[in-house]
Structures are given as C-alpha cells and as structure tokens.
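This is what each chain is made of:
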Amino acid sequence: MLDPIVFIDYIDRFSYPAIFIISLLSGHLIPFPEDVILLVSGYLASAGFINPYYACIAGILGILVGDNILYQLSKKGSSRVRRLREYVRVRLLPREAFVRKHIRAVIFVSRFVPFFRSLSPVVAGVLDIPRKTFQIYNSIGVLIYVPIMIAVGYLFESNVNNLVERVDTYRHIFFIAILIFFGLLIAYWGNRRINRFLKK
C-alpha cells in the first residue's frame, strides 16, 4: 500500500522537474496531452503540495521548449515527425493559402484547441514560417493557456475539498488518477484519428 507521507515527499522533491519534462514531451514525443499535467499541477497546488507559480513557470518552459523542438524537426523534415508532417501536409493542401494568410491567428488559437495544439509547431515548420513569428504567437498563447489550465485544476480541488473535507490524502491519488485517465482517452482518440486518416 502506498504511504501518503512517501507520496507527499515524492511530490515535494520531484514535482517541478517532472512538470517541466512531462510538459516538454507531452503531445510531441509521447502521446499524452499536456492538459493533464497542468490540471494535476493545479490540483496539487490547491491541495498545498506545490507552489502554483513555480508549477506555472515549469509548465510554460516545458511547453515552449517542446514546441520549438517540434517546430525545428518539422522545418528540417526530420523522420521523427514523419507521420505528423504527412497528416498536416494532406490536411493543409486545400487550405494552404488561407492558413498562410492567417498563420498568426492559427498559431495562437490552436494553443487552446485539444489535439490541434500539438500540430501547430508542425504546421509552422511545414510552411516554413519564420521562427520569430512562430515563437512570438506561440509564446503568447502558452502564457495565457498554462495559467488557465492550472487555475482550472486549482478550482477543481477546492470544490472537491469542500465536499470531502474529512477524507485523507488518498483522495488526491484518486482524483489525479481520474484526470490521467481522461488524458489518456484524449491521447487515444487523437492517435486513432491520425492512423485512420493515414490509412485512407
């Protein structure tokens, strides 16, 4: 059985590096939506385990680094992102002129749309959008998106806490598991969508 004290100690020691690393990899190198780690971070911050401001900084830095790596790989035509590049190219072909014309809005708005936020760096790379343009509008989106998601997780825990004030630490594990479960469902849906499209 997991000792709550060990669980809390683990969070204290590894939370911010873990938020950074998972945010960096999520949606890029691993099929796991970054929404989940941000919601969990907000939940843990509300429960008093971590500092919400440090969690926010770690999430922002992780996502920005991950997005820029994906942008560079896409721009160079790396085989590591072949499936995503192929998906984006076929989808963009009939709308390329429109996307190019509104690329700033596309980069910014896609940050708030599940699944499509992972494709934004690929779109910018495939269309050879200037790095500065991508970084500016992507950064603005991330700076708004991350605090919102952490705030949602924060409020979620606060509302839950009002309902189950007398339940011990295990409730945190339970609700984190729920958030992760829904994140995996989103990742599974996105992966199936790409695979089904590429098979046509």
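Student: Where do I start with the side chain of Ser-23 in this structure?
Tutor: Within the fold, Ser-23 resides in helix α1 (residues 4-25). Of note is the side chain of Ser-23, whose polar atom sits 2.7 Å from the backbone oxygen of Ile-19. In contact with Ser-23, not counting residues within four places along its chain, are Glu-34, Ile-37, Leu-38, Gly-59, Gly-62 and Ile-63.

Student: What am I meant to see in a nonpolar patch on the surface here?
Tutor: Side chains of Val-109, Phe-112, Val-113, Phe-116, Ile-136, Ile-140, Ile-144, Ile-148 and Val-152 sit close together on the surface and give an oily, nonpolar patch of about 670 Å² of accessible area. Ranked by residue count, the leading element in the nonpolar patch is helix α8 (residues 131-163), at five residues. Its location among the elements puts Ile-144 in helix α8. Classification of Ile-144 by relative accessible area gives partly exposed; the value is 36%.

Student: What is the right way to look at the confidence of the model for the chain in this model?
Tutor: Any region with low pLDDT has predicted coordinates that should not be read closely. On average, residues of the chain carry a pLDDT of 78, and 72% of them reach 70 or more. For residues 1-8, every residue scores under 50 in pLDDT, and the model assigns this stretch 13 contacts once sequence neighbours within four places are set aside.

Student: It is not clear to me how the packing of aromatic side chains should be interpreted in this structure. Could you clarify?
Tutor: Think of a pair of aromatic rings as described by two things: how far the centres are apart, and how the planes are tilted against each other in angle. Inspection of the entire model under this criterion finds four aromatic pairs. Summarising the aromatic geometry, the rings of Tyr-16 and Tyr-54 are spaced 5.8 Å apart at their centres and angled 85 degrees between planes, so their arrangement reads as edge-to-face. Here Tyr-54 lies in helix α3 (residues 52-76) and Tyr-16 lies in helix α1, a separation of 38 residues in the sequence. Measuring from centroid to centroid gives 5.4 Å for Phe-108 and Phe-112, while their planes differ by 65 degrees, and the two rings are edge-to-face. Assessed through its relative accessible area of 32%, Phe-112 is described here as partly exposed. An aromatic cluster is built from Phe-108, Phe-112 and Tyr-145, whose rings are joined through pairwise contacts.

Student: Would you explain the pattern of salt bridges in this entry?
Tutor: Close approach of charged atoms lets side chains of opposite charge pair. For the structure shown, the criterion picks out five salt bridges. As a salt-bridge pair, Arg-111 and Glu-34 come within 2.2 Å of each other at their nearest N and O atoms. Residue Arg-111 is found in the loop between α6 (103-110) and α7 (116-126), and its partner Glu-34 is found in helix α2 (residues 34-46); the two are separated by 77 residues along the sequence. Using a relative accessible area of 2% as the deciding quantity, one classes Arg-111 as buried. The class of Glu-34 is buried, set by a relative accessible area of 3%. A single salt-bridge network, built from bridges that share partners, covers Glu-34, Asp-67 and Arg-111.

Conventions adopted
- Residues numbered from 1 in each chain as written.
- Predicted model: local features only at pLDDT ≥ 70, side-chain atom pairs only at ≥ 80, totals over all residues.
- Heavy atoms only, no water.
- Helix = DSSP H or I, 4+ residues; strand = E, 2+ residues; numbered from the N terminus.
- Polar contact = N/O pair within 3.5 Å; in protein donor to acceptor, adjacent residues only side chain to side chain.
- Contact = heavy atoms within 4.5 Å.
- Patch = residues over 30% accessible without salt bridge, like charges linked within 9 Å, V, L, I, M, F, W, Y side chains within 5 Å.
- Areas by Shrake-Rupley, 256 points an atom, 1.4 Å probe, with all protein chains shown as cover.
- Salt bridge = Lys/Arg side-chain N within 4 Å of Asp/Glu carboxyl O.
- Buried < 20%, exposed > 50% of the residue type's maximum accessible area, 1.4 Å probe, protein only.
- pLDDT = per-residue confidence, 0-100.
- Phe/Tyr/Trp six-rings, centres within 6.5 Å; stacked < 30°, edge-to-face > 60°.

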